Amino acid sequence: MFDLLRNIWKIVPISMNDVHQSDVIPQIMFLVTRCKAGVFPYQVITVWGYDLFPTYLPLQWLPYFFAEWLHKDYRWVPAIVLWLACAYFFVKNCSIHTTGVHPLLKLFLPLVPLLVWYAIVQNDGYTYIFTVEELIAGYYLFVATSISNKNVLALSFGVGLCLLSRYSIVFWVPLCILGYYWVGRRRQGLTISVVLVAMFIIFYWFPFLRIDKGVFLKGYEYHKVAAFYDWVRGNYMRNGMGFSAYAYDFVPGNIERKLFVYQAVHLFACIATVIALGAFYRKRLQRYSLSAFLLFSFKVYLTVFYMFIQTQYSYLYITPLIISSALLVGVFRRNKNSPAVSSLGV
């Protein structure tokens, strides 16, 4: 895997001043170098011929300090993080209890995330020259694995990593905490809440929001502007990854109105999905285990989120795809005390 990535990266070296293909990695490099120099990182970047306000949350760029300190290619950081998440998944699932499953399949299942990642890079390696989405995929795979193995502390930390790198699961988090309360495990629900608040204070509020309370909103507004120009150019809208092309074609009005309507649909779809999942589980508390519900709802929610995302870049979809591995293992997982094959760890 690493040999494949290294050969791909040799094609195009990265530079903080080269944004001809993408400003993803250069933006991260700017944030890291500013912070390392003692300069407040969340300020407008003006050196590329256009003004960009940094949109990345802290845990989407802070891990790259390791690459900066060691003078290594930044792209090694997300690769190592996702590999570690795959290793964690393997260790937790290499001895799953199953019934009627061929030994080769038992070996194959814990390797699924690594194989999926390899297949994606093998077939779309050019994308991973300019993007670092493996970091986010690693965070989310860590959460899915922690859910499957009922590790509340690991789950709390993993959800914190996700929230403070990309706010995709912001609506799912309350559902996760409520799930613990519904099944009478209030202490675990409180643990998740406390860990999330602590991580927010340590990694976001104290170093950044305390200095400029508008950091998040400024980044969010710039993200909306960037999405608008993507829609004007029609970038990636017809790559089959989401539904934005339908809004572009059928919502009346100018581009600004089309995008506004689609953003509203996205927001509504995410909230409605969480409400529907919560209502589903409330009526079936005795039928499904909490871990089964959390894993199922995690996947369903992320599927909806990415289906309606306003900028459907292909590299984003490694995250919802790779966490399907946890569902696949769950299908074959068997409760030690149960004689029957369990569905999703029930």
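Residues numbered from 1 in each chain as written. Predicted model: local features only at pLDDT ≥ 70, side-chain atom pairs only at ≥ 80, totals over all residues. Heavy atoms only, no water.

1. Description of the overall build of the protein chain
For clarity, the cut-off: Each helix is a run of DSSP H or I of at least 4 residues and each strand a run of E of at least 2, with the numbering of both proceeding from the N terminus. In this treatment the radius of gyration is a C-alpha quantity, and the globule benchmark scales as 2.2 Å times the residue count to the 0.38 power. Relative accessibility under 20% of the residue-type maximum defines a buried residue, over 50% an exposed one, and the middle range a partly exposed one, all with a 1.4 Å probe and only protein chains included. A contact between two residues is defined here by any heavy atoms of the two lying within 4.5 Å. For the accessible areas, the method is Shrake-Rupley and the probe is 1.4 Å, while residue cover comes only from the protein chains on display.
Within the protein chain one finds 17 helices and 0 strands. Here the C-alpha radius of gyration of the protein chain, 21 Å, is about what a compact globule of 346 residues would show, namely 20 Å. Counting the 346 residues in the protein chain, one finds 49% classified as buried. Residue pairs in contact within the protein chain that sit at least 24 positions apart in sequence constitute 70% of those at least 6 positions apart. Entry remark: accessible area of the protein chain is about 16800 Å², with carbon and sulfur atoms responsible for 65%.

2. A word on the side chain of Asp212
For Asp212, the location among the structural elements is in the loop between α11 (186-209) and α12 (215-233). Beyond its immediate chain neighbours, meaning those up to four positions away, Asp212 contacts Phe40 and Lys218.

3. Brief notes about the nonpolar core
Where we set the bar: Nonpolar cores were defined as sets of buried Ala, Val, Leu, Ile, Met, Phe, Trp, Tyr and Cys residues, with membership established by side-chain atoms within 4.5 Å.
Counting 94 residues, the largest nonpolar core has Trp61, Trp117, Tyr140, Ile169, Trp172 and Phe298 as its most contacted members. In this structure, Ala227, Leu259, Tyr262 and Phe308 belong to the second largest nonpolar core, which totals 11 residues.

4. A word on the environment of Ser15
The residue Ser15 is located in the loop between α1 (2-9) and α2 (24-36) in this model. Using a relative accessible area of 32% as the deciding quantity, one classes Ser15 as partly exposed. Here the alpha-carbon distance between Ser15 and Gly240, two residues 225 residues apart in the chain, equals 31 Å. In contact with Ser15, other than residues within four places in its own chain, are Pro26 and Met29.

5. What to know about the pattern of salt bridges
Our working definition: A pair is scored as a salt bridge if a Lys or Arg side-chain nitrogen falls within 4 Å of a carboxyl oxygen belonging to Asp or Glu.
Going through the model one piece at a time under the given rule, you end up with 7 salt bridges. A salt bridge links Lys218 to Asp212; the shortest N-O distance between them is 3.0 Å. A relative accessible area of 40% places Lys218 in the partly exposed class.

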